[in-house]
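# Notes for the structure review
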Amino acid sequence: MIQGIIFDKDGTLFDFNATWGAWSAGMIAHEAGGDAALTAKLADVLGYDLENKIFHPGSLVIASTAGELADLILTVVPGDRAALLERMNTKAAGVGQVSAADLPPLMARLRKMGLTLGIATNDSEAPARQHLERAGILDAFAFVAGYDSGFGGKPAPGQLQGFCEATGLTPDHCVMVGDSLHDLRAGQAAGMRTVGVLTGPAPAEELAPLADVVLPSIAELPAWIAVIND
């Protein structure tokens, strides 16, 4: 019986490349100071296709924490880490998220099914909350954790364990839903079922070995859960 769902954010609630693809071109160019060679080098380190404005499936950006991404950027463009993180968080908070499904009615439907919902993201908590608020779904979640919320980041299971502690649910009654191997490994480490979705760069064949099921998007979750809970 599934009683709780903990979602990844980017690539799961929001389409990854549709949200971050075009925006990242400007961010990379800005951090490179407009230098074309440095821009190309930074894009390469981040696994970003400058021509098509998308991230490659193997990009470290897909599942890394903001702190880890800052460290990657600093290998190419040295600078102050705290200042870089502040710029990243400030700019990320204003990004227009492209939803992977019609989120308000979907979250309402899941809650009407008696499910408790949470968020576990490797983004920082503050911009994550702003993204959820802007999408009109922040109030649907009983738990929201970023990598900086005191639980660590994925693929470690700390955020998922925090969700269980906060809600009183046990891992065997919960499911982790995400678009990356980090998400699915965190779910397995926490003792949860795992659901992969294809609204991030990872293909189905990459996610399938670690997932109980791979769905096109979170829009298919209610039907899958209904079968499990029948």
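Structure: see above.
Quick notes on the rules
Residues numbered from 1 in each chain as written. Predicted model: local features only at pLDDT ≥ 70, side-chain atom pairs only at ≥ 80, totals over all residues. Heavy atoms only, no water. Helix = DSSP H or I, 4+ residues; strand = E, 2+ residues; numbered from the N terminus. Rg over C-alpha atoms; globule rule 2.2 N^0.38 Å. Buried < 20%, exposed > 50% of the residue type's maximum accessible area, 1.4 Å probe, protein only. Areas by Shrake-Rupley, 256 points an atom, 1.4 Å probe, with all protein chains shown as cover. Lys, Arg positive; Asp, Glu negative; His and termini not counted. Charge placed at Lys NZ, Arg CZ, Asp CG, Glu CD. Polar contact = N/O pair within 3.5 Å; in protein donor to acceptor, adjacent residues only side chain to side chain. Contact = heavy atoms within 4.5 Å. Arc of directions from axis to C-beta. Pairing = 2+ DSSP bridges. Right-handed = clockwise from strand over helix to strand, strands pointing away. Axes fitted to C-alpha atoms, helices over the stretch in contact; angles between N-to-C directions. Parallel < 35°, antiparallel > 145°, perpendicular 65-115°, else oblique. Left-handed = near helix turned anticlockwise from the far one by under 90°. Nonpolar A, V, L, I, M, F, W, Y, C, P; charged D, E, K, R; others polar.

In terms of helices and strands, the protein carries 10 helices and 8 strands. Computed over the C-alpha atoms, the radius of gyration of the protein is 17 Å, within 12% of the 17 Å expected from 2.2 N^0.38 for a compact globule of 230 residues. For the protein, the spread of C-alpha atoms along the principal axes amounts to about 60 × 30 × 30 Å. Taking all 230 residues of the protein together, 53% fall into the buried category. Working note: accessible area of the protein is about 9,600 Å², and carbon and sulfur atoms make up 54% of it. Of the side-chain charges in the protein, 14 are positive and 27 negative, and the distance between the mean point of each set is 4 Å.

Position of asparagine 122 among the secondary structure elements: in the loop between strand S4 (116–120) and helix H6 (125–134). Here the side chain of asparagine 122 touches alanine 63 through a polar contact of 2.4 Å, landing on its backbone oxygen. From its side chain, asparagine 122 meets the backbone nitrogen of lysine 154 in a polar contact 2.9 Å long. With near-sequence residues (within four places) excluded, asparagine 122 lies in contact with Ala63, Ser64, Thr65, Ala66, Tyr147, Gly153, Lys154, Gln159 and His182.

By the secondary structure assignment, aspartate 123 is in the loop between S4 and H6. On a C-alpha basis, the gap between aspartate 123 and glycine 33 in space is 24 Å, while along the polypeptide they are 90 residues apart. Beyond its immediate stretch of four places on either side in the chain, aspartate 123 contacts Lys9, Asp10, Ala128, His131, Gly146, Tyr147 and Asp148.

Before going further, it helps to spend a moment on helix H10 (residues 221–229). It helps to recall that an α-helix has 3.6 residues per turn; residues three or four apart then point in one direction. Of all the residues in H10, the buried ones are Leu221, Pro222, Trp224 and Ile225. Within H10, the buried residues cover an arc of 160 degrees as seen down the axis, which keeps them to one side. Contact partners of the buried residues in H10: strand S1 (4–7), helix H5 (103–112), strand S6 (174–178), strand S7 (193–197) and strand S8 (213–215).

This part is about the side chain of serine 59. Mapped onto the elements of the fold, serine 59 is located in the loop between strand S3 (54–55) and helix H3 (66–76). At a separation of 2.6 Å, a polar atom in the side chain of serine 59 contacts the main-chain carbonyl oxygen of leucine 46. Here valine 61 takes part through its backbone nitrogen, which lies 3.0 Å from a polar atom of the side chain of serine 59. Once residues within four sequence positions are removed from consideration, serine 59 is found in contact with Leu46 and Gly47.

Moving on, we come to unusual backbone geometry. Omega for the bond connecting lysine 154 with proline 155 falls within 30 degrees of zero, at 20 degrees, which places this linkage in the cis form. Here proline 155 is to be found in the loop between strand S5 (143–145) and helix H7 (158–167). Positive phi, normally seen in glycine, also occurs at lysine 53, with a value near 55 degrees. The class for lysine 53 is partly exposed, based on a relative accessible area of 39%.

Time to look at the pairing of S7. For S7, the tally of buried residues reaches 4 of 5 residues, placing the bulk of the element in the interior. Where S6 and S7 come together, 4 bridges link them in parallel fashion. In the sheet register, glycine 178 faces S7, and the bridge partner there is glycine 196. The β-α-β motif built from S6, the intervening helix H8 (residues 181–190) and the parallel element S7 has right-handed crossover chirality.

Looking now at the packing of helix H1 (residues 16–31) against helix H4 (residues 81–93). Their axes nearest at 12 Å, the elements H1 and H4 cross at an angle of 150 degrees. Looking at the two axes, H1 sits roughly antiparallel to H4. The handedness of the crossing between H1 and H4 is right-handed. Contacts between H1 and H4 involve Trp20, Trp23, His30 and Glu31 on the former and, on the latter, Leu84, Arg87, Lys91 and Ala92. The class makeup of the residues in the contact of H1 with H4 is 4 nonpolar, 1 polar and 3 charged.

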